[in-house]
Amino acid sequence: MARWCYRHRLVVLLLWVGALLGVGFSASAAGTNYANVFSLPDTDSKSAYDLMEKAFPNTSGDTDTVVWRVTGGSVKDPAVRDRVEPALDTIAKLPGVGAVASPYAGPRGAAQISGDGTIAYAQLTFAKRANEIPKDQIQQVLDTAKKAERSGLQVELGGQAIQRVQEPPQGLSEMVGIIAAAVVLFLAFGSFFAMTLPIAIAVFGVGMGLFSTQLLSHTTDIPDIAPLLASLIGLGVGIDYALFIVTRHRRGILRGLDPEESAVTALNTSGRAVLFAGGTVCIALAGMLVTRLHFLDGVVIGTSLTVVLSVLAATTLLPALLGFLGPRVLSRRQRRRLAAEGPEPERASGLAARWSANVEKRPRRIAALALVVMAVLAVPVLSLRLGATDQGNDDASTTTRKAYDLLAEGFGPGFNGPLQVVSVGGDTARLVQGLKSTPGVARVAQLPPAQGVTVIQVVPTTSPQSKETDDLIDTLRDSVIPKAGAQAHVGGVTAVSKDFASVTGDRLPLFVATIIGLGFLLLLVAFRSLVVPLTAALMNLIAAAASFGVLVAVFQWGWGLDLLGLGKEGPINAFLPVIMLSLLFGLSMDYQVFLVSRMHEEWVHTKDNARAVRVGLAETSRVINSAALIMVCVFLAFVLSGDSGAAMAGVGLAAAVALDAFILRTALVPAAMHLLGAANWWLPRGLEKRLPHLAVEPAEPTTEPGEPGGPASVVHGLVRTPDGDPVEGASVTLTSEGGRRLDHVSSLADGSYIVSVPGPGAYLLAVTSPSYGSKAHRVTVAQGPLVYDVELAEGEVDAVNPK
């Protein structure tokens, strides 16, 4: 497939451009139809909502507020009333508005005026819940109310519905993320053309994904947060997947391969890993389905579709673009050096090789240090509290934040999250009396009953996101309502948020077990090992704990919130653990696949675990760290989105990716694999026969050229340093190209070695010394012995890349 795309690059490019334009035009013509289906069956708040919807069909929606304050005089002054009352009358007649409760409507309205007479509010009860109201209807309400403003009269609006039209413009965070990624790519590649390849792949993948998701919103329920999350994950994986393939392709050209052959080899190695990694991300995202939180179904559709299209772009469009660039995928300096000095030897050197050698020499010390760092970062997770942020976390310039502050100033913080106790039987008067005498309740107001249903509005003394308000809801449900002998349920936005947090917390263990189990099975089949997937599962849990620790420290404890400009501290959004864990497990599996697939590749050819781990880490750590740095830039850019949920997800995922790549995959995983030795690749023989075959690496030849077919021979020579000194005790291993070990010896005091060869053919000769480096070479044996000297340099690691 890679070769066909490379040779027919113009056709492939035109197909992708045509598909992007076609889907984009269709999506633009169709518009959006996102729907936030927020259904929590079998919860008390859902029962309250169902009763209100039945008894008060025009007032069962969310309640928002219009708040106004005068800088002089009182809100009761005729001049103020003459401006505010006509606006409220107009709002009451607008589509989507069920009722308007004015502070000027008799004795009951007097409670809607603050004690000092400077602040008043009107309640707007919509016919539907906030997420179901069209934005144009909300904008009409906002515009009508703001027209009443004048000098000395401030008018603000607050509530869930109003917040929807305060959302910042889309695209800023994505643009900043792309620019940051471009800078990292240019520094990594040193080539403008190479830099543009991953960006182009991400743009095509994310563009197709977002347009397709927009079209699907007309046929199924997809929440409006899905495009934001899809662009966040799509940009990250799209750039990273292309980065892995382009890096392998550039290395192939530097080793002397023709650009076409290099592209084919890159797609047949790193491209396979991309396919597998994309599959793991989709499976991790699909794990959200086990929570049975229906609004997440649309998130799964949007994000998974974007990942699939990003993988498709990386495996079809990318080889076509590589065909257009040819050798220009290298920097000018690299092209000049390649022309002057010829192909580079197959080795990894520099910082990556030195770090890999250090991990091999000190695995216990490095593993212990990495574990201590992750454990310290994970400590805050012990105080994790799920909930919902409120409009007190909005930007200080928004009308919702101003209305929130005005209500808190005039009526107390609990006014921003009233509870609705919906009664269908029993002694209502006794219930009202019990509610009034409950500690933590600031105000109780009973609405006229309808169809046997009575709604009692309860205003807490504490803010909606405080723990005391959660405790009050429990007290009402567990104590006050049963003591009054009433059949009642506690509803309202605050109660729904609490129930959602409880349901999420209860289902989180099943969700985590599901995605860890599926990831374990995938790695088990791919790498034919029990220890590798077990290690990956453990590392994923460590990464999750540490990243949530960072999230709690920042957003719940408030460390650095002022620096980020994200308001005050509060609970962690209840939906975030499910979404964040899905993305984290998928992305961390990506890095595990790219790291271990290279180790497995080397293990198959040498059967030397120490060498396999050292080579795999030396060759992949730089590209994994570059990919992680790009992810961190993309995710942190979503802090600029102005959405607290997106900011939380961005910071949490940025922390998770950084810790996973820079500490776990670069230090703890290879250190643990060195300590485990050959056990890393152990698989019971009975299980081996039953597992299906799913190769991350390209298939080995079915017949091996090194099989006996002629007279036996030998390969012999000397192992020396660059200065000519003999290397004693070096491990010399001869294997077939298919990976079967044929002979193994240690070099003598003079550095000499000799290994037996079954017959003419091509073989792999691996030489390793603890004090020096390691090398692996293809050797071709003809008739008779072959003399082959090997030079080892300290800190040097080279590797054989299978054709």
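Residues numbered from 1 in each chain as written. Predicted model: local features only at pLDDT ≥ 70, side-chain atom pairs only at ≥ 80, totals over all residues. Heavy atoms only, no water.

Notes on the overall build of the protein
Here is the rule: Helix and strand assignments come from DSSP, with helices taken as H or I runs of at least 4 residues and strands as E runs of at least 2, each series counted from the N terminus. Relative accessibility thresholds used throughout: buried, under 20% of the residue-type maximum; exposed, over 50%; partly exposed, between the two (1.4 Å probe, protein chains only). Note on contacts: a residue pair is in contact if any heavy atoms of the two residues lie within 4.5 Å. Residue burial considers only the protein chains on display, and all accessible areas are found by Shrake-Rupley using a 1.4 Å probe.
The helix and strand tally for the protein stands at 25 helices and 20 strands. Considering only C-alpha atoms, the protein reaches an extent of 110 × 55 × 45 Å along its principal axes. By residue count, 57% of the 803 residues in the protein fall in the buried class. For the protein, contacts bridging at least 24 residues in sequence account for 77% of all contacts bridging at least 6. Accessible surface, the protein as shown: approximately 31,800 Å² in total, 59% of it carbon and sulfur.

Some remarks on the nonpolar core
To keep things clear, this is the line we draw: The term nonpolar core refers to a set of buried residues drawn from Ala, Val, Leu, Ile, Met, Phe, Trp, Tyr and Cys, joined through side-chain atoms within 4.5 Å.
Judged by nonpolar contacts, the single largest core of 154 residues is most densely connected at Tyr241, Met288, Leu581, Tyr591 and Phe635. Considering every element that reaches this core, the biggest residue donor is helix 24 (residues 644–676), with 18 residues. In this view, phenylalanine 635 contacts Leu232, Leu587, Gly650, Leu653, Ala654 and Val657; residues no more than four positions away in its chain are not counted.

Some thoughts on helix 15 (residues 363–378)
Since one α-helical turn is 3.6 residues long, residues separated by three or four positions face the same way. Going by this rule: Expected span of a helix, by definition, is 1.5 Å for each gap between consecutive residues, and there is one gap fewer than residues. Note that the arc is defined by the directions from the helix axis to the C-beta atoms.
Spanning 16 residues, helix 15 covers 22 Å between terminal C-alpha atoms, matching the ideal 22 Å at 1.5 Å per step. Taken residue by residue, helix 15 has Pro363, Ile366, Ala367, Ala370, Met374 and Ala378 as its buried positions. One side of helix 15 holds all its buried residues, which, seen down the axis, span an arc of 100 degrees. Exposed residues on helix 15 whose side chains face more than 90 degrees from its buried face are Arg364, Arg365, Leu369, Val372 and Val376. Looking at the buried side of helix 15, the elements it contacts are helix 14 (351–361), helix 20 (531–556) and helix 24.

Regarding the packing of aromatic side chains
Each aromatic ring pair is described using two quantities: the centre-to-centre distance and the angle formed by the ring planes. Where we set the bar: Think of it this way: a Phe, Tyr or Trp ring, Trp meaning its six-membered ring, pairs with another when their centres are within 6.5 Å, and the plane angle makes it stacked under 30 degrees, edge-to-face over 60, tilted otherwise.
A full pass over the atoms with the stated rule returns eight aromatic pairs. Look at tryptophan 603 and tryptophan 681: their rings are 5.7 Å apart centre to centre, the planes differ by 20 degrees, and that puts the pair in the stacked class. You can see tryptophan 603 sitting in helix 22 (residues 576–606) and its partner tryptophan 681 sitting in the loop between helix 24 and helix 25 (685–690), a full 78 residues away along the chain. Assessed through its relative accessible area of 10%, tryptophan 681 is described here as buried.

With respect to the sheet that holds strand 8 (residues 441–446)
In plain terms, the rule: By the convention used here, strands pair only if DSSP detects at least 2 bridges between them. A fitted line through C-alpha atoms serves as each axis, taken over the contacting stretch for helices, and the angle formed by two N-to-C directions is quoted from 0 to 180°.
The antiparallel open sheet is built from four strands, whose spatial order is 8-9-7-10. The sheet terminates laterally at strand 8 and strand 10 (487–491), the two strands that pair on one side only. The sheet shows a mean angle of 20 degrees between the axes of neighbouring strands, taken without regard to direction. Pairing of strand 7 (residues 419–425) with strand 9 (residues 454–460), which is carried by five bridges, proceeds in the antiparallel orientation.

Some points on a nonpolar patch on the surface
This is how it is decided: Think of a patch as exposed residues, more than 30% relative accessible area, with no salt bridge, where like charges cluster within 9 Å and nonpolar side chains (Val, Leu, Ile, Met, Phe, Trp, Tyr) cluster within 5 Å. Salt bridges are counted wherever a side-chain nitrogen of Lys or Arg sits within 4 Å of a carboxyl oxygen of Asp or Glu.
Side chains of Met175, Ile179, Val183, Phe186, Leu187, Phe192 and Phe193 sit close together on the surface and give an oily, nonpolar patch of about 730 Å² of accessible area. Counting residues per element, the ones that place at least two in the nonpolar patch are helix 8 (172–189) and helix 9 (192–216). When residues in the nonpolar patch are grouped by element, the largest group, five residues, is from helix 8.

Quick look at helix 9
Put simply, the rule reads: Side-chain atoms alone can form a polar contact between residues adjacent in sequence; in general such a contact is a pair of N or O atoms within 3.5 Å, and within protein one must be able to donate a hydrogen while the other accepts it.
Over its 25 residues, helix 9 extends 36 Å from the first C-alpha to the last, a length consistent with the 36 Å expected when each residue adds 1.5 Å. Between the side-chain oxygen of the N-cap and the backbone nitrogen of phenylalanine 193 there are 3.4 Å, and the N-cap of helix 9 in question is serine 191.

Notes on the packing of helix 22 against helix 24
The relative placement of two packed helices comes down to the angle between their axes together with the axis-to-axis distance. What counts is decided by this rule: For classification, angles of less than 35 degrees are called roughly parallel, those exceeding 145 degrees roughly antiparallel, those between 65 and 115 degrees roughly perpendicular, and all remaining angles oblique. Should the near helix be turned anticlockwise from the far one by less than a right angle, the crossing is termed left-handed; should it be turned clockwise, right-handed. Each residue is assigned to one of three groups, with Ala, Val, Leu, Ile, Met, Phe, Trp, Tyr, Cys and Pro labelled nonpolar, Asp, Glu, Lys and Arg labelled charged, and all others, Gly among them, labelled polar.
Two numbers describe how helix 22 lies on helix 24: the axes approach to 10 Å, and their chain directions differ by 30 degrees. As judged from the angle between their axes, helix 22 and helix 24 are roughly parallel. The handedness of the crossing between helix 22 and helix 24 comes out as right-handed. Tallied by class, the residues present in the contact of helix 22 with helix 24 amount to 17 nonpolar, four polar and two charged.

Brief notes about the confidence of the model for the protein
Defined as follows: Confidence of the prediction at every residue is given by pLDDT, a number between 0 and 100.
On average, residues of the protein carry a pLDDT of 83, and 91% of them reach 70 or more. Confidence scores differ between elements of the protein, with strand 20 (residues 797–798) showing the lowest mean pLDDT of 52 and helix 15 the highest of 94. Note on residues 700–709: pLDDT is under 50 here. Beyond four places in sequence and across chains, it has 16 contacts. Scored below 50 in pLDDT, residues 799–803 shows 29 contacts in the model against residues more than four places distant or in partner chains.

Observations concerning the sheet that holds strand 2 (residues 97–101)
Taken together, the four strands give an open sheet; going across it, the order is 2-3-1-4, and neighbouring strands pair in antiparallel fashion. Either end of the sheet is taken by a strand with one partner, and the two such strands are strand 2 and strand 4 (153–158). The sheet shows a mean angle of 20 degrees between the axes of neighbouring strands, taken without regard to direction. Both strand 1 (residues 63–70) and strand 4 contribute to a ladder of six bridges, which runs antiparallel. For valine 66, the partnering residue across the bridge sits in strand 4 and is leucine 157. Sitting on the sheet, helix 6 (residues 135–146) is in contact with strand 1, strand 2, strand 3 (119–126) and strand 4, with an inclination near 165 degrees to strand 4. Each of strand 1, strand 3 and strand 4 touches helix 16 (residues 399–411); the most contacted strand, strand 4, lies at about 105 degrees to it.

Here's the deal with the environment of lysine 607
Turning to its location among the elements, lysine 607 is positioned in the loop between helix 22 and helix 23 (609–636). Separated by 134 residues in sequence, lysine 607 and arginine 741 have C-alpha atoms that sit 7.1 Å apart.

Comments concerning the packing of helix 19 (residues 493–527) against helix 22
Where helix 19 contacts helix 22, the axes come no closer than 11 Å and their chain directions differ by 15 degrees. Between helix 19 and helix 22, the crossing angle belongs to the class labelled roughly parallel. Considering how the two elements wind past one another, helix 19 and helix 22 form a crossing that is right-handed. Of the residues in helix 22, those in contact with Thr504, Leu508, Phe511, Val512, Ile515, Ile516, Gly519, Leu523 and Phe527 of helix 19 are Pro577, Val578, Leu581, Ser582, Phe585, Met589, Gln592, Val593, Val596, Ser597 and His600.

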